[in-house]
Amino acid sequence: MSAHARREFALRYANFLVMAKKAEQMGLDKGANYEEQMKLVRIEVLSREANNAIQEKVSQISDKDIEDYYRQNTARFEKAELDRI
């Protein structure tokens, strides 16, 4: 991360902290809107974490493992059906 990007991130982060504290003081973390947004953000974060974990596992599969799987399941890859509209 460049020095400029780090500085911008630090400024945004500090602003978020200040505004979050003010929102708590105003009681905005107690409303239904806040709870609904937190549910959605939680789903988004969990989805991203699952995707990252899956990508990490996939990146550990070797080319040899892929070739071996293909050879063991050749019949599954040779059959195709085509419907024409």
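The structure presented is a predicted model; accordingly, all values stated were derived computationally and were not measured. (Residues numbered from 1 in each chain as written. Predicted model: local features only at pLDDT ≥ 70, side-chain atom pairs only at ≥ 80, totals over all residues. Heavy atoms only, no water.)

**Q** How should the environment of Ala 23 be read in this particular structure?
**A** Structurally, Ala 23 is set in helix α1 (residues 3-25). Setting aside residues up to four positions removed in sequence, Ala 23 forms contacts with Leu 28 and Asp 29. (Helix = DSSP H or I, 4+ residues; strand = E, 2+ residues; numbered from the N terminus. Contact = heavy atoms within 4.5 Å.)

**Q** Even after reading the chapter, I still don't get the packing of aromatic side chains, so can you show me in this structure?
**A** What characterises a pair of aromatic rings is the spacing of the ring centres plus the angle enclosed by the ring planes. Using the criterion set out here, one finds three aromatic pairs in the structure. With a centroid separation of 6.3 Å and 80 degrees between ring planes, the pair formed by Tyr 69 and Phe 77 is classed as edge-to-face. Look at Tyr 69 and you get partly exposed, because its relative accessible area is 39%. Between Tyr 70 and Phe 77, the ring centres sit 5.2 Å apart and the planes meet at 45 degrees, which makes this aromatic pair tilted. On the basis of relative accessibility, which here comes to 46%, the residue Phe 77 falls in the partly exposed class. Aromatic rings pair up to connect Tyr 69, Tyr 70 and Phe 77 into one cluster. (Phe/Tyr/Trp six-rings, centres within 6.5 Å; stacked < 30°, edge-to-face > 60°. Buried < 20%, exposed > 50% of the residue type's maximum accessible area, 1.4 Å probe, protein only.)

**Q** Would you explain a nonpolar patch on the surface in this entry?
**A** Together, Met 1, Phe 9, Tyr 13 and Leu 17 make up a nonpolar patch on the protein surface, roughly 480 Å² of accessible area in all. Considering the arrangement of structural elements, one finds Tyr 13 in helix α1. The class of Tyr 13 is partly exposed, set by a relative accessible area of 46%. (Patch = residues over 30% accessible without salt bridge, like charges linked within 9 Å, V, L, I, M, F, W, Y side chains within 5 Å. Areas by Shrake-Rupley, 256 points an atom, 1.4 Å probe, with all protein chains shown as cover. Salt bridge = Lys/Arg side-chain N within 4 Å of Asp/Glu carboxyl O.)

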